[in-house]
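Chain and residue survey
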Amino acid sequence: MPDWFKTYVGLEGLADGAFVFESMVIPGLLQTEEYAQALTLGTGFVRPDHAERFVSFRQTRARRLTDDDPLTLHAVIGEAALRLRVNGDETRRAQLAHLATMSELPNVTVQVLRPEDGPHAAGAIGKFVLLDFANVRPIAYTEVLDGAMYVQDPDGVRTYSMVADNLRQVALSPAESRALIRELAGAA
């Protein structure tokens, strides 16, 4: 596992809350094991003999959403991620059903961003995460092809926060999002 990702996982483990924007895939903390396995193998960046370890690690991180002191997660997901064909219809259907179930947790909010909802501020930056902590300033995180960028400067973090606010406003409401996810799960 790359050092930049180990740093992120350590920060995520300390965070009280996270805002995640993903346009093309379901965010890692909300993935089923089979979906995560197919994505991991599909990238070509992880050797097949290491894929199971990566997926297991991701599933362990996801338990943070259901433990005694759960992470508060707000995810805005591009509709393309819901429609992405990952390992066939059964995997996609199970992933969407899981996403709908997770969105019912009191600490998890899921919103879907559709193209017809109009322009939004994240178009220029792509996927990112904002991590909130009880006793320290928030941090923004985004991945690049071969690494990651951490934004700690208050002005930079404020910009990411403004983009997150814009995404919350443009995306479907949580209830509308859950209905769309369930509809797509039934059609898969």
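Structure first, text after, so check above.
Predicted, not measured: the structure shown is a model, and the values here were computed from it.

In terms of regular secondary structure, the protein is built from seven helices and six strands. Reading the helices (α) and strands (β) of the protein from amino to carboxyl end gives α-β-α-α-β-α-α-β-β-β-β-α-α. Looking at the protein as a whole, 46% of its 188 residues are labelled buried. A separation threshold of at least 6 residues defines the contact pool for the protein, and within that pool the share at least 24 residues apart is 75%. For the protein, the computed accessible surface area is about 9,700 Å², with 53% contributed by carbon and sulfur atoms.

It is worth spelling out the nonpolar core at this point. Formed by 38 residues in total, the largest nonpolar core has its most connected members in Leu30 and Leu82. In contact with Leu30, not counting residues within four places along its chain, are Leu65, Leu73, Ala75, Gln95, His98, Leu99, Met102, Val108 and Val110. If you look at the next biggest cluster of nonpolar residues, it comprises 16 residues, including Phe21, Val163, Ala164 and Val170.

With that out of the way, let us pick up a negative patch on the surface. Side chains of Asp16, Asp67, Asp68, Asp69 and Asp132 sit close together on the surface and give a patch of like negative charge. Relative to the helices and strands, Asp67 resides in the loop between helix H3 (48–62) and strand S2 (72–78). Owing to a relative accessible area of 36%, Asp67 belongs among the partly exposed residues under this scheme.

The strand order across the open sheet built from six strands is S3-S2-S1-S4-S5-S6, with neighbouring strands paired in mixed fashion. In this open sheet, the two strands that pair with only one neighbour each are strand S3 (108–113) and strand S6 (147–151). For this sheet the average axis-to-axis angle between neighbouring strands, irrespective of direction, equals 15°. Alignment of strand S4 (residues 128–132) against strand S5 (residues 139–144), held across three bridges, turns out to be antiparallel. Bridging from a neighbouring strand, Val129 pairs with Tyr141 of S5.

To continue, consider the pairing of S5. Taking the residues between adjacent antiparallel strands as the criterion, S4 and S5 are bridged by six residues. By the bridge criterion, five bridges tie S5 to S6 in an arrangement that is antiparallel. Bridge pairing in S6 places Ala140 opposite Val151. Linking S5 back to S6 in an antiparallel pair, the connection comprises two residues.

As for its position among the elements, Glu22 is in strand S1 (residues 17–22). When residues no more than four places from it in sequence are discounted, the contact partners of Glu22 are Pro27, Val76, Ile77, Gly78 and Lys127.

Moving on to helix H5 (residues 89–102). Because the α-helix completes a turn every 3.6 residues, residues three or four places apart line up on one side. The terminal C-alpha atoms of H5, which comprises 14 residues, lie 20 Å apart, in line with the 20 Å expected from a rise of 1.5 Å per residue. Buried residues of H5: Thr91, Arg92, Gln95, Leu96, Leu99, Ala100 and Met102, and no others. Angular distribution of buried residues about the axis of H5 spans 170°; they occupy a single face of the element.

On to the packing of H5 against helix H7 (residues 174–187). Contact geometry of H5 with H7 gives a least axis separation of 8 Å together with a crossing angle of 155°. Classed by the angle they form, the pair H5 and H7 counts as roughly antiparallel. The way H5 lies across H7 gives a crossing that is left-handed. Contacts from Arg92, Arg93, Leu96, Ala97, Leu99 and Ala100 of H5 reach H7 at Arg178, Ile181, Arg182, Leu184 and Ala185.

Parameters at a glance
Residues numbered from 1 in each chain as written. Predicted model: local features only at pLDDT ≥ 70, side-chain atom pairs only at ≥ 80, totals over all residues. Heavy atoms only, no water. Helix = DSSP H or I, 4+ residues; strand = E, 2+ residues; numbered from the N terminus. Buried < 20%, exposed > 50% of the residue type's maximum accessible area, 1.4 Å probe, protein only. Contact = heavy atoms within 4.5 Å. Areas by Shrake-Rupley, 256 points an atom, 1.4 Å probe, with all protein chains shown as cover. Core = buried A, V, L, I, M, F, W, Y, C linked by side-chain atoms within 4.5 Å. Patch = residues over 30% accessible without salt bridge, like charges linked within 9 Å, V, L, I, M, F, W, Y side chains within 5 Å. Salt bridge = Lys/Arg side-chain N within 4 Å of Asp/Glu carboxyl O. Lys, Arg positive; Asp, Glu negative; His and termini not counted. Charge placed at Lys NZ, Arg CZ, Asp CG, Glu CD. Pairing = 2+ DSSP bridges. Axes fitted to C-alpha atoms, helices over the stretch in contact; angles between N-to-C directions. Expected span 1.5 Å × (residues − 1). Arc of directions from axis to C-beta. Parallel < 35°, antiparallel > 145°, perpendicular 65-115°, else oblique. Left-handed = near helix turned anticlockwise from the far one by under 90°.

In short, geometric facts, not functional conclusions.
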